[in-house]
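Chains, contacts and geometry: an overview
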Amino acid sequence: MRALTWQGKRDVRLETVPDPKIEEPTDAIIRVTSSGLCGSDLHLYEVLTPFMTPGDILGHEPMGIVEEVGAAVPDLQAGDRVVVPFQIACGNCWMCLTGLPTQCETTQVSAEGMGAALFGYTRLYGAVPGAQAEYLRVPQAQYGPIKVPEGPSDDRFLYLSDVLPTAWQAVAYAGVPKGGSVAVLGLGPIGDMACRVARAQGAGRVFGVDLVPERLRRAEQRGVETFDLRSFDDEKELVTAIRDRTDGRGPDAVIDAVGTEAHGSAAARMVQNASALLPRKLSGPMAERFSVDRLAALHTAIELVRRGGTISVTGVYGGMADPMPMLTLFDKQIQMRMGQANVRRWSDEIIPYLTDEDPLGVDDFATHHVPLTEAPHAYDMFQKKQDGAVKVVFRP
């Protein structure tokens, strides 16, 4: 089959690799019909290279048609149309039954000290072959795949794999009170969808911050009050502008949908780039002990949120030596929640929103649909924020 493989920093290639096969009774094989390109994939493309191995198959946002199932997968059969969550979880362990499948005790990558295995996401999460491919082996298929009906296009359901539950959890963790206010930092796919979810769930005011014109326009069209970072000389001016719209206090909650590649962190960017240039035997151990993130977005969230408010972190961070303003966090009595989205924890709540009325705008959420053969160009375009690329979907 053809699959998109990681070969080095900013180097992804479409290659022919062996077809996946059933390896365990709980496996399924699906023929991928759509697979998303996620902002998290760009971290592998740019920053998290010390944890990658040449030849790793990328991608973690798939849906498709079941081709084959193992003997211990009773509820799927060939021909079923399914969405596959990005994490791999059993559904039966204590963590899964508590609503935390991202911490699944069956698939935890304990050798790396990490949570549940993820598709296509570094050796830290199991180095499981990913979904930007023609076919995908799905472990723990007795629990993970979500069956969806025939009829609507893939885009109606594809985002159940990651974008929708990640945005949903971001808003849930933010604890926005009915009629309250929330600021979303970063209007990429997750931030954009978090704004939509917050409005659908009754937030009174939703503020969105970004510096990409196309992203700002998309959010404005959905009723978000937007702030263009390019219009402010520094963080303090931005914080003041939003506080002025919230009685001088700041919003009740802030969602950091940016993560480790935040704009404006020059020193941390230099350290990340230097780490990526080290020999592989050195870069991995160095990153595990001394890696740092670009924390501009998180620091802005801490400054912006009102006293007693909540910060929800959904942007991916990977640093082990990040300095944090603990005095400010303590003094402002800030609550923080974060983590990978627990897809199956939220999927049943989300599905009623995927109706013909399409209140979350999933049908036209993607800005680009491209064949897998154009994946290397799509990564470059998405990373450089060119051609209005906000969400890219591959069609193998």
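Refer to the structure above for everything that follows.
Now for a quick tour of the structure. Quantities reported herein were computed from a predicted structural model and do not represent experimental measurements.

A separate point is the packing of helix α6 (residues 235-243) against helix α9 (residues 296-304). Packing of α6 against α9 leaves a shortest axis separation of 10 Å and a crossing angle of 40°. One element, α6, and the other, α9, form an angle in the oblique class. Here α6 runs over α9; the crossing is right-handed. Along its contact with α6, which presents Glu235, Leu238, Val239, Ile242 and Arg243, the element α9 presents His299, Thr300, Glu303 and Leu304. Split by residue class, the contact of α6 with α9 holds 4 nonpolar, 2 polar and 3 charged.

Before going further, it helps to spend a moment on the sheet that holds strand β11 (residues 225-228). Strand order in the open sheet formed by 6 strands is β11-β10-β9-β12-β13-β14, with parallel pairing between adjacent strands. The open sheet terminates on both sides in strands that have one partner only, identified here as β11 and β14 (335-338). Going from strand to strand, the sheet's axes swing by 20° on average, the running direction of each strand aside. Inspection of the sheet shows strand β10 (residues 205-210) paired to β11 by 4 bridges, in the parallel sense. What sits directly across from Phe207, in β11, is Glu225. The strands touched by α9 within the sheet are β9 (181-185), β12 (253-256), β13 (310-313) and β14, with β9 carrying the most contacts at an inclination of about 165°.

So, about the pairing of β13. Because side chains alternate across β13, one face comprises the buried residues Thr310 and Ser312, and the other comprises Ile311 and Val313, equally buried. In this sheet, β14 lies alongside β13 in parallel orientation, the contact comprising 4 bridges. Paired with Ser312 across the strands is Arg337, a residue of β14.

With that settled, consider the sheet that holds strand β4 (residues 56-57). On the basis of which strands lie adjacent, the open sheet formed by 3 strands has the order β2-β1-β4 and antiparallel pairing. Each having just a single partner strand, β2 (11-16) and β4 make up the two edges of the open sheet. Bridge count for strand β1 (residues 2-8) against β4 is 2 bridges, and the pairing is antiparallel. Counted as the bridge partner of Thr5 is Ile57 from β4.

Here we take up the state of the cysteines. Applying the stated criterion across every chain yields a total of 0 disulfides. Cysteine Cys195 shares no disulfide, and the gap to the nearest cysteine sulfur, in Cys38, comes to 16 Å.

Another aspect to go through is the nonpolar core. General note: in soluble globular proteins, nonpolar side chains tend to be found buried as a group. Counting residues in each nonpolar core, the largest one holds 71 residues, and the members touching the most others are Tyr159, Leu164, Met193, Ile255, Tyr379 and Phe394. Residue contributions to this core peak at 8 residues, all from helix α3 (residues 163-174). Leu164 has contacts with Tyr159, Met193, Ile350, Leu354, Leu360 and Val362, leaving out every residue within four places of it along the chain. Core analysis: the next-biggest nonpolar cluster, separate from the first, contains 21 residues, Ala183, Ile242, Val305 and Ile334 among them.

This part is about the packing of α3 against helix α11 (residues 343-350). Axis separation between α3 and α11 bottoms out at 9 Å; the angle between their running directions is 95°. Considering their axes alone, α3 and α11 lie roughly perpendicular with respect to each other. Contacts between α3 and α11 involve Leu164, Pro165, Trp168, Gln169, Ala172 and Tyr173 from the first element and Val343, Trp346, Glu349 and Ile350 from the second. In the contact of α3 with α11, the residues fall into 8 nonpolar, 1 polar and 1 charged.

Parameters and conventions
- Residues numbered from 1 in each chain as written.
- Predicted model: local features only at pLDDT ≥ 70, side-chain atom pairs only at ≥ 80, totals over all residues.
- Heavy atoms only, no water.
- Axes fitted to C-alpha atoms, helices over the stretch in contact; angles between N-to-C directions.
- Helix = DSSP H or I, 4+ residues; strand = E, 2+ residues; numbered from the N terminus.
- Parallel < 35°, antiparallel > 145°, perpendicular 65-115°, else oblique.
- Left-handed = near helix turned anticlockwise from the far one by under 90°.
- Contact = heavy atoms within 4.5 Å.
- Nonpolar A, V, L, I, M, F, W, Y, C, P; charged D, E, K, R; others polar.
- Pairing = 2+ DSSP bridges.
- Buried < 20%, exposed > 50% of the residue type's maximum accessible area, 1.4 Å probe, protein only.
- Disulfide = S-S within 2.5 Å.
- Core = buried A, V, L, I, M, F, W, Y, C linked by side-chain atoms within 4.5 Å.

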